Amino acid sequence: MPPSGFSQEAINGLLVFVRCAYQNTLERYRGQDLTEGSVLNESVRYLEGVVSRSVPLATDGTVS
């Protein structure tokens, strides 16, 4: 039994789960640019869109 107290079978099951999770992630994002800069720029564009859509609702058009 490994020092962690978990059985070897349990540890092997966890390793299979982690491998499958990585493989699914690789397949899902294949061909996409996941560099830090790209993800940050996409997040900024999303947040700017949220703000531009919600500010007129919050201010009821009182701010130009």
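Now for a quick tour of the structure. (Residues numbered from 1 in each chain as written. Predicted model: local features only at pLDDT ≥ 70, side-chain atom pairs only at ≥ 80, totals over all residues. Heavy atoms only, no water.)

**Brief notes about the overall build of the protein**
Consideration 1: Helix and strand counts for the protein come out as 2 helices and 0 strands.
Consideration 2: Relative to a compact globule of 64 residues, whose C-alpha radius of gyration would be 11 Å, the protein shows 22 Å and is clearly more extended.
Consideration 3: Each of the three principal axes of the protein carries a C-alpha extent, and together these read 70 × 30 × 15 Å.
Consideration 4: Counting the 64 residues in the protein, one finds 3% classified as buried.
Consideration 5: With an accessible surface of roughly 6,000 Å², the protein has 60% of that area assigned to carbon and sulfur atoms.
Consideration 6: Of note, the protein has its 5 positive side-chain charges centred 6 Å away from the centre of its 7 negative side-chain charges. (Helix = DSSP H or I, 4+ residues; strand = E, 2+ residues; numbered from the N terminus. Rg over C-alpha atoms; globule rule 2.2 N^0.38 Å. Buried < 20%, exposed > 50% of the residue type's maximum accessible area, 1.4 Å probe, protein only. Areas by Shrake-Rupley, 256 points an atom, 1.4 Å probe, with all protein chains shown as cover. Lys, Arg positive; Asp, Glu negative; His and termini not counted. Charge placed at Lys NZ, Arg CZ, Asp CG, Glu CD.)

**Focus on a nonpolar patch on the surface**
Consideration 1: A cluster of nonpolar side chains, contributed by Leu14, Phe17, Val18 and Tyr22, occupies part of the molecular surface with about 450 Å² of accessible area.
Consideration 2: Of note, tyrosine 22 is situated in helix H1 (residues 8-28). (Patch = residues over 30% accessible without salt bridge, like charges linked within 9 Å, V, L, I, M, F, W, Y side chains within 5 Å. Salt bridge = Lys/Arg side-chain N within 4 Å of Asp/Glu carboxyl O.)

**What about helix H2 (residues 36-59)?**
Consideration 1: The end-to-end C-alpha distance of H2, which contains 24 residues, comes to 34 Å, matching closely the 34 Å that a straight helix rising 1.5 Å per residue would cover.
Consideration 2: Phi for aspartate 60, located one or two positions after H2, is positive at around 55°. (Expected span 1.5 Å × (residues − 1).)

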